[in-house]
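Tertiary structure, described
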Amino acid sequence: MLEQLCKEYTDLEAEEIQRLREVEATLQLTADLTGSDVFIDCPLRDGSGAVVVAEAKPLRERSAYCQTVTGKLARPDREPAVFHALASGMPVRDLKAITQENQSVKQDVVPIRGTGGRVIGALIREEDISRSLLRERKFEELAREREGREETLRPLCPGTGEGKEQQAAMREVHHRVKNNLQLVASVLSIQARKCPDPDIKRIFRENVGRVLSIAAIHDILTISSADGMAVHSRVLLEKLRRSLQSLVPDGKAVTIAVEGDDLVLGADQATSVSLVVNELVSNALEHAFEGRPEGRITITVQTGNLYNTVTVEDDGVGFDPCRAPRNSLGLDIVEATVRDKLKGELRISSGAEGTKALFDFP
């Protein structure tokens, strides 16, 4: 069945189909081990979707499916994790999907590569979350009822809630923080100019960038946010992009672009995302284009039902992650911020076509 479907719907070659058959042989073990439904999807020949070429249901657990879906088509709007993994070549986890039987599931997806490195399919593990969604809806209804009661009581309790005066005070706080951070950055810049040691001068300049990236957050919250507590990712990243564009080394034509969805971030999230993106882009500007006169760095935001994803990708020279130094302060900051502040996961892949760093967060 797998070989027949691959020949009918895809452009996969014989060696690539054989690779999928090797993965298929482990599906039942994987389904029984994880207690979940497991599938292999392959991209269609015309790129419009994907087809399910193999499946396995757990023998001792309840499956989310009543009938077989082998041979059925998958759509990007219903299974975003699958198509994101196929397009990016990187694992994706904990994204909501809608099955061919209109059930809500959570998907973990890992791309399957052929012998030449091309992504030829996706291995998918699904978990039924329909009951969890029902509980979440109940909690949301309770939260709305509570908010409604608070709105009713607020006129009777002048000291509660955030009025226009409190919003103005919050914006004033952000404004003062921004000015103080810019003052710190100026002091660091002066010290960098006076320092004769090039390595220490570089460290000073890196920290200037970190401070200014956080100052940019407070600047945006001062100007663009209605309540001083939230900001749109597009506004944030565009401002950060303009700041980072000025750091492109002399003699190089490196373009920095922002693409994807517009995500509303809280103040703490915005600060963390800004800091991580600043570190990743700065690292790319420093290392990705050695020996090359030009290049491109792309910052992409993708919203998900459970997790949101930010990708920083360059078309530079790449590096071997196994041989990369592990004592990099910038990488330590990125990993700690994603893990501790954003409660997410960082993944980095690199090769001859460039480097891709991806982090997700709820």
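For the structure, check the block above.
Residues numbered from 1 in each chain as written. Predicted model: local features only at pLDDT ≥ 70, side-chain atom pairs only at ≥ 80, totals over all residues. Heavy atoms only, no water.

1. A short note on the nonpolar core
Just so we agree on the cut-off: The term nonpolar core refers to a set of buried residues drawn from Ala, Val, Leu, Ile, Met, Phe, Trp, Tyr and Cys, joined through side-chain atoms within 4.5 Å. Exposure is judged per residue with a 1.4 Å probe applied to protein chains only, and the accessible area is read against the type maximum: over 50% gives exposed, under 20% gives buried, and values in between give partly exposed. Secondary structure counts use DSSP, requiring at least four H or I residues in a row for a helix and at least two E residues in a row for a strand, with both numbered from the N terminus. Every residue pair with non-hydrogen atoms within 4.5 Å of one another is taken to be in contact.
Leu 265, Val 277, Val 281, Ile 297, Ile 299, Phe 359 and Phe 361 are the most contacted members of the largest nonpolar core, which has 32 residues in total. When residues of this core are traced back to their parent elements, those giving at least two are α8 (233-245), β8 (253-260), α9 (267-287), β10 (294-302), β11 (308-314), α10 (329-341) and β13 (354-361). With eight residues, α9 is the single largest residue contributor to this core. With sequence-adjacent residues up to four places away left out, Phe 361 is seen in contact with Leu 263, Leu 265, Gln 269, Val 273, Tyr 307, Asn 308, Val 310, Leu 342 and Gly 344.

2. Side note on the layout of surface pockets
The cut-off we apply is this: Space inside and on the surface of the protein is sampled on a 1 Å grid over the protein atoms alone, with a cavity defined as a set of points where a 1.4 Å probe fits but cannot get out and a pocket as an open set with protein on both sides within 12 Å along at least 5 of 7 lines; lining residues have an atom within 4 Å of a point. Grid points are joined across faces, edges and corners, and a volume is the space filled by probe spheres set on the points. When residues are sorted by character, Ala, Val, Leu, Ile, Met, Phe, Trp, Tyr, Cys and Pro go into the nonpolar class, Asp, Glu, Lys and Arg into the charged class, and all the rest, Gly among them, into the polar class.
In this model, the second largest pocket occupies a volume close to 390 Å³. In terms of lining residues, the second largest pocket is bounded by 17 residues, among which Ser 88, Arg 113, Ser 349, Glu 353 and Lys 356 are the most central. Those elements that provide at least two residues to the lining of the second largest pocket are α4 (80-88), β11, β12 (345-351) and β13. Here the residues of the lining of the second largest pocket sort into five nonpolar, seven polar and five charged.

3. Comments concerning the packing of aromatic side chains
Our working rule: Pairing of aromatic rings covers Phe, Tyr and Trp, the last through its six-membered ring, and needs centres within 6.5 Å; plane angles under 30 degrees mean stacked, over 60 mean edge-to-face, and all others mean tilted.
Applying the stated rule across the entire model yields two aromatic pairs. Both rings, one in Phe 39 and one in Tyr 65, keep their centres 5.2 Å apart while their planes meet at 65°; by these two values the pair is edge-to-face. Here the residue Phe 39 occupies a position in strand β1 (residues 37-43), and Tyr 65 occupies one in the loop between β2 (50-56) and β3 (73-74), the gap between them amounting to 26 residues. The pair formed by Phe 39 and Tyr 65 is uniform in burial state, with each residue classed as buried.

4. With respect to the side chain of Glu 16
Here is the rule we go by: We define a polar contact as two N or O atoms separated by no more than 3.5 Å, with the added condition that, inside protein, one atom must be a possible hydrogen donor and the other a possible acceptor, whereas residues neighbouring each other in sequence contribute only through side-chain atom pairs.
For Glu 16, the location among the structural elements is in helix α2 (residues 14-24). Here the side chain of Glu 16 touches Arg 118 through a polar contact of 2.7 Å, side chain to side chain. When neighbours within four sequence positions are excluded, Glu 16 is seen to be in contact with Arg 118 and Ile 120.

5. Structural notes on the pairing of strand β6 (residues 119-128)
Condition: Pairing between strands is defined by DSSP: at least two bridges between them are needed.
For β1 and β6, the ladder comprises five bridges, and the chain directions are antiparallel. By the bridge assignment for β6, Val 38 is matched with Arg 125. In the sheet, strand β5 (residues 104-113) pairs with β6 via nine bridges, with the strands oriented antiparallel. Paired with Val 109 across the two strands is Ile 124, which belongs to β6. The hairpin formed by β5 and β6 contains five residues between the paired strands, and Gly 117 there has a positive phi angle of roughly 95°.

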